[in-house]
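# Descriptive structure summary
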Amino acid sequence: MDGKIFDNDISKVVDADRAHVWHHLIQHKPFETGEPRIIVEGRGMRVWDQKGKEHIDAVSGGVWTVNVGYGRERIANAVRDQLVKLPYFANTAGSIPGAIFAEQLIDKMPGMSRVYYTNSGSEANEKAFKMVRQIAHKRYGGKKYKILYRDRDYHGTTISTLSAGGQDERGAQYGPFTPGFIRVPHCLEYRAQWDLSGEEYGIAAANAIEEVILAEGPDTVGALCLEPVTAGGGVIVPPEGYWPRVQEICKKYDILLHIDEVVCGVGRTGTWFGYQHYGIEPDFVTMAKGVASGYAAIACCVTNEKVFDMFKDDATDPMNYFRDISTFGGCTAGPAAAIENMAIIQEEGLLENTVQMGDYMLDQLKALQDKHKVIGDVRGKGLFLGVELVSDRATKEPVDEKLVQAVSGDCAANGVIIGASNRAIPGFNNMLAYSPALIATKDDIDEIVTATDNALTKVFG
Ligand SMILES: Cc1ncc(COP(=O)(O)O)c(C=O)c1O
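Under an unreviewed UniProt entry, the protein chain has the name Taurine--pyruvate aminotransferase and belongs to Roseovarius albus.

Now the structure itself:
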């Protein structure tokens, strides 16, 4: 940090922000008297705010995005060069970075074959939903149109992705919703819905999906959309036995499997994609955040060739193709940044680092559980971890969310930005969340865990 930016009068920026910027996911009344946070600069794992205060960022840009860390000149240079050469052309035509990144991506995704470019996770999911609906019309007389989604999962912010949203506080007040989206139970064993454990629990949670399919009628269900590891809904790693049974059920009832890798994709859990831990064969994989680590907006809806073929099998029918466009899916900055992002992960061994540091961080957080009885559960995979806070370990009563905010607030005051669940599950916004960049070291993790330890002591004694 060279300090140069603070030679300027940043108070003008703060005034402009307060007067005109509508921030995301936040109530603005406090900004009438206090200042909004403005992040000015980032390097590696660290960011600096408008006061010059340094923070270690344990959530990769707030929402698990900046996987390779800040200040990567290599990505910025590639984007610059590409923008000068060609910034944009609609994806009705191809582009050099679009073709190269698609090939490299598919190389990491055996069984998949086609990349549809778009510009946000929500939009990538909408593309998959539209494909499912069109397949229903083409193949099943419009009947197999229903899309199943899981309690606690999140797939985006548009009305239709909220219709597939298992987080009721995100959806509240935004209805009416798009018809044809059906909820299945979550698979969080800590909040058990069946008196079983381990693999038996996982199989029961998957069987609960089958029950919904049978109740709806298998000939009406076109797809099942799931996060490989649920993110904002509570960092939920499905139990053993869950995924093989889910795959079996999809095959049995001819249901397309859509895996939403918007958070897990591109390294977050220590494999290129979260589903790859479980040997799943998806039909759709959507991804966004970590694809270019936020250096440029890019999202992808990736399909297998079976799905793709259904949109070109009859060239004599003028309606028989995917009649969809995403204007900014034609921006070349996204794939140009994504190529470098992937190369960095590969060359720096960041998947391996994620596994090692993820295990270390999980152990450290579990050690905190011995000390703080407010920690009911610690869970996660790779550098994607959550801590569930309860006021009573026996009843698992969630703590008041204000106390969760107090913990994250104290960490921030001490220069450590962690996540806290926010307007997700009614009564269960009781998670602390961690998703440091995949470059995290033991020292970084120690700093994050120590700040959490101190904050828990301060708030809960
Ligand atoms: C699992 C998941 N899917 C989809 C989305 C939506 O992505 P975006 O905000 O880019 O539209 C998110 C965003 O947090 C997410 O966590």
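After presenting the structure, the write-up continues.
Take the nonpolar core next. Formed by 126 residues in total, the largest nonpolar core has its most connected members in C300, A337 and I418. A total of eight residues in this core trace back to one element, the largest contributor, which is helix α11 (residues 333-347). Lining this core are residues from two domains, each supplying at least three of them: domain 1 (4-68 + 349-460) and domain 2 (74-347). Beyond its immediate sequence surroundings of up to four residues, I418 is in contact with A58, V59, S408, C411, L432, A433, Y434, I448 and T452.

This part covers the sheet that holds strand β5 (residues 146-150). With mixed pairing, seven strands are arranged side by side in an open sheet as β4-β10-β9-β8-β7-β5-β6. Because the sheet does not close on itself, it has two edges, and the strands there are β4 (114-118) and β6 (181-184). For this sheet, the mean inter-axis angle between neighbouring strands, taken without regard to orientation, is 20°.

The subject of this paragraph is the site of the ligand. Taken together, 16 residues surround the ligand, and among them S120, G121, S122, G156 and V262 come closest. The element contributing the most residues to the shell around the ligand is helix α5 (residues 121-140), with three residues. Considered class by class, the residues forming the shell around the ligand number six nonpolar, eight polar and two charged.

This paragraph deals with the domain arrangement of the protein chain. Interface size, as often reported, equals the accessible area lost upon joining of the parts. Each assigned domain of the protein chain is listed with its residue range as follows: domain 1 (4-68 + 349-460) and domain 2 (74-347). Of note, the centres of domain 1 and domain 2, computed from C-alpha atoms alone, are 26 Å apart. Counting residues at the interface gives 32 residues for domain 1, matched by 28 residues for domain 2. The set of elements that each furnish at least two residues to the side of domain 1 that touches domain 2 consists of α2 (60-64), α12 (350-371), β11 (375-380), β12 (385-392) and β16 (431-434). For the side of domain 1 that touches domain 2, the leading source of residues is α12, giving five residues.

All right, on to the packing of helix α4 (residues 96-107) against α11 then. Running from N to C, α4 and α11 cross one another at 35°; their axes reach a closest spacing of 8 Å. Our pair here, α4 against α11, has a crossing hand that is left-handed. Of the residues in α11, those touching α4 at P97, G98, I100, F101 and Q104 are P335, A336, A338, I339 and M342. When the residues that make up the contact of α4 with α11 are grouped by side-chain class, the tally is eight nonpolar, two polar and no charged.

Let's shift gears to the pairing of strand β7 (residues 221-226). A large share of β7 lies buried, amounting to six of its six residues. Where β5 and β7 come together, four bridges link them in parallel fashion. Directly across from Y149, in β7, lies its bridge partner C225. When β7 meets strand β8 (residues 256-260), the two strands line up parallel, connected through four bridges. Of the residues in β8, the one forming a bridge with L226 is I259. Chirality of the crossover, the property in question, places the unit of β7, helix α9 (residues 242-252) and β8 among those that are right-handed.

The rules behind each value
- Residues numbered from 1 in each chain as written.
- Predicted model: local features only at pLDDT ≥ 70, side-chain atom pairs only at ≥ 80, totals over all residues.
- Core = buried A, V, L, I, M, F, W, Y, C linked by C-beta atoms within 7 Å.
- Buried ≥ 20, exposed ≤ 12 C-beta atoms within 10 Å, placed from the backbone.
- Helix = DSSP H or I, 4+ residues; strand = E, 2+ residues; numbered from the N terminus.
- Domains from an automatic or database assignment.
- Contact = placed C-beta atoms within 7 Å.
- Pairing = 2+ DSSP bridges.
- Axes fitted to C-alpha atoms, helices over the stretch in contact; angles between N-to-C directions.
- Near = placed C-beta within 6 Å.
- Nonpolar A, V, L, I, M, F, W, Y, C, P; charged D, E, K, R; others polar.
- Left-handed = near helix turned anticlockwise from the far one by under 90°.
- Right-handed = clockwise from strand over helix to strand, strands pointing away.

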